[in-house]
Amino acid sequence: MAGLHTSLRGSSSSSSQSFSSKLLLLLTLLPLTLAAFAFVLQWRGGVTDPATRWSPEARKFPGMDSSPPTTIGHASSSDCVLLSRGSSPSFPYYRDWKFDVGSDLKPKICITTSTSAGLEQILPWMFYHKVIGVSTFFLFVEGKAASPNVSKVLESISGVKVIYRTKELEEQQAKSRIWNETWLSSFFYKPCNYELFVKQSLNMEMAIVMARNEGVDWILHLDTDELMHPAGASEYSLRQLLHDVPGNVDMVIFPNYESSIERDDIKEPFSQVSMFKKNYDHLPKDTYFGMYKESTRGNPNYFLTYGNGKSAARIQDHLRPNGAHRWHNYMKTPNEIKLEEAAVLHYTYTKFSDLTSRRDRCGCKPTKEDVKRCFMLEFDRAAFIIASTATEEEMLNWYREHIVWTDKTLNMKLSRKGILTRIYAPMVIVQGLRESGVFSSVIASAPTMSKDTFLSSMGSTNSSRAVASESLPSRKFGRSKESKAIARRTLEIADTVSHVAAAVPPLSPPGMDDERLVIDA
């Protein structure tokens, strides 16, 4: 009997150990089986993994994390189709890099600009904005941008309209109602930046009409040293950002961030600059004013240049420009919103040559009094004087002291406070475009001209450019009595029923003298 009991106990113990072993095996195999099942489903397309949304290699969208971008692999410039099978980033409107998309994008967005830049600046600027959803561009060109070898390339690009500053254009703009209105009058008959500001406003007025004819929904005015940064949207897309704007909003204001370069030998700003100083509107007020002195580094203001951002306007009746930074409406005060994450990235004074190029565009005397009638912002005035009076070595030393951020300790301190920030998405996009051969392909595919046609177009371009570049008052053309009377009657009607707002010039961010006013408000 005792032997039977011992046998049963041994059998029970053996059974218990066997059960435990099987249970342990099951618990080990179950997660492995589930993991393998999930892998098979994902591999076959059965499951959408959010981590793979932006690229074929399960990476985050470029610029979404704090680490520097990795170099994108080269692709053949002669075979752009291979890009769709490679490891290049995936963008919302990527279609074999051809960007032949237009009417299918809603809302339809256009950018208008007035530029004299070359292809090395315009092409990266333009195709970057195509990547994030802009389909239409109105380029008012003069100088280098109007030269045949540049303009022919621009004209060959889908969605681009090139408008030359010809005598006919200036005569047409001389009849604009703007000349008889008060909102821009304080900028008339002044040289340099003031003349450019008026010219930009007149071009924006024409762009509104062109945008309406093209069926555009939203219009922006940007310079070719500015890139839109559509942060806050569900995808890195300006189209998606504006699509989500409520229907009762007429204008969207984008605060600007300013480039903070870390070297003095930048050649391609869009590909080489990733550090930016954030706008006052995107910072806690105590942080902004508490770190103001360290942020300015002895310069006149928090930003080197403007700090009041740019805006996008919904195309609608009675829309008008309100200077280069804003839009307005003849019949109502626009309902506007200011975005909390999206921004305009302003690449200002990123190249040492920017000092002399700005100097060469203006014929003012390099004195403190004379520069006031030529430039609106203090830093531009100081930079013009230095570029006009100093030696090359003195200019470079000044450039390093006032513009280049070489103090890594200060940079780290301001980064931790949130004043300086890293933004990699534009850099990665432009690098990807360049390495894929988009720019070289566009240039190579542009129509060529015969020698006679080239010389003829060069002569007409030079003559029109000479007329446009003279340092004359902004309004250079005579107008008939009839057109003046019509414009005055229009102005009287507009003044009685609309909200007349003065043009918004480039404005510096709040200074220390404004701290009490900001807090009281």
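Residues numbered from 1 in each chain as written. Predicted model: local features only at pLDDT ≥ 70, side-chain atom pairs only at ≥ 80, totals over all residues. Heavy atoms only, no water.

Caption draft 1: Geometry of the overall build of the protein chain. Counting its regular elements, the protein chain contains 18 helices and 14 strands. Counting over 521 residues, the protein chain shows a buried share of 49%. Long-range pairs, those at least 24 residues apart, make up 77% of the contacts in the protein chain between residues at least 6 apart in sequence. Surface accessibility of the protein chain: about 25,700 Å² in total, with carbon and sulfur atoms responsible for 54%. (Helix = DSSP H or I, 4+ residues; strand = E, 2+ residues; numbered from the N terminus. Buried < 20%, exposed > 50% of the residue type's maximum accessible area, 1.4 Å probe, protein only. Contact = heavy atoms within 4.5 Å. Areas by Shrake-Rupley, 256 points an atom, 1.4 Å probe, with all protein chains shown as cover.)

Caption draft 2: Molecular detail of empty space enclosed by the protein. The tally for this structure, following the rule as stated, stands at eight cavities of 30 Å³ or more. One number sums up the size of the largest cavity: a volume of about 80 Å³. Forming the walls of the largest cavity are 14 residues, and the residues nearest its centre are Glu258, Lys277, Arg297, Leu304 and Trp405. Of all the elements in the fold, those that place two or more residues in the lining of the largest cavity are strand 7 (256–259) and helix 9 (292–296). Class assignment for the residues of the lining of the largest cavity results in five nonpolar, six polar and three charged. (1 Å grid on protein atoms, 1.4 Å probe; cavity = no way out; pocket = protein on both sides within 12 Å on 5 of 7 lines; lining within 4 Å. Points joined across faces, edges and corners; volume = space filled by probe spheres on them. Nonpolar A, V, L, I, M, F, W, Y, C, P; charged D, E, K, R; others polar.)

Caption draft 3: Layout of the environment of Glu170. Within the element layout of this structure, Glu170 appears in helix 4 (residues 167–173). Expressed as a C-alpha distance, the spacing of Glu170 and Leu202, which sit 32 residues apart in the sequence, is 9.6 Å. A polar contact is formed between the side chain of Glu170 and the side chain of Arg165, at a distance of 3.3 Å. (Polar contact = N/O pair within 3.5 Å; in protein donor to acceptor, adjacent residues only side chain to side chain.)

Caption draft 4: A look at the confidence of the model for the protein chain. When the pLDDT values of the protein chain are averaged, the result is 81; 72% of them are 70 or greater. Within the model, pLDDT remains below 50 along residues 44–91, and this stretch shows 72 contacts once partners closer than five positions in the same chain are excluded. Considering only residues more than four positions removed or in separate chains, one finds that residues 457–474, a stretch of pLDDT under 50, has 26 contacts. (pLDDT = per-residue confidence, 0-100.)

Caption draft 5: Representation of the state of the cysteines within the structure. A complete count under the given rule lists two disulfides for this structure. The partner cysteine of Cys192 in its disulfide is Cys362, sulfur to sulfur 1.7 Å. The chirality of the disulfide connecting Cys192 with Cys362 is right-handed, given an S-S dihedral of about 80°. Here Cys192, found in the loop between helix 4 and helix 5 (193–213), pairs with Cys362, found in the loop between helix 10 (353–360) and helix 11 (378–389); they are 170 residues apart in sequence, far enough to count as distant. With respect to class, Cys192 is no different from Cys362; both count as buried. The disulfide that involves Cys364 links it to Cys374, with 1.4 Å between the sulfurs. Disulfide Cys364-Cys374: the torsion about the S-S bond is -80°, which places it as left-handed. Residue Cys364 is located in the loop between helix 10 and helix 11, and its partner Cys374 is located in the loop between helix 10 and helix 11; the two are separated by ten residues in the primary sequence. (Disulfide = S-S within 2.5 Å.)

Caption draft 6: Representation of the pairing of strand 6 (residues 251–254) within the structure. Side chains Met251 and Ile253 of strand 6 all project onto a buried face; the interleaved residues Val252 and Phe254 project onto the opposite face, where all are buried too. Looking at chain direction, strand 6 and strand 12 (residues 336–338) are connected through three bridges and run parallel. Looking at the pairing, Val252 lines up with Ile337 of strand 12. (Pairing = 2+ DSSP bridges.)

Caption draft 7: Expanded view of the sheet that holds strand 3 (residues 160–164). Spatial strand order, 3-2-1-4-9-6-12: seven strands in an open sheet with mixed pairing. On the outer flanks of this sheet lie strand 3 and strand 12, each paired with one strand and no other. Here the average twist between neighbouring strands, direction ignored, is 20°. In terms of strand pairing, strand 1 (residues 109–115) meets strand 4 (residues 218–221) through four bridges, oriented parallel. Across the sheet, Ile109 pairs through a bridge with Trp218, a residue of strand 4. Together, strand 2 (136–141) and strand 3 form the strand contacts of helix 3 (residues 148–155), whose direction differs from that of strand 3 by roughly 145°. (Axes fitted to C-alpha atoms, helices over the stretch in contact; angles between N-to-C directions.)

Caption draft 8: Focus on the sheet that holds strand 7. The five strands lie next to each other as 5-13-7-8-14, forming an open sheet whose pairing is mixed. Either end of the sheet is taken by a strand with one partner, and the two such strands are strand 5 (226–229) and strand 14 (420–422). Mean inter-strand twist for the sheet, computed between neighbouring axes without regard to direction, equals 35°. The pairing of strand 7 with strand 13 (residues 343–346) spans three bridges and is classified as parallel. Directly across from Tyr257, in strand 13, lies its bridge partner Leu345.

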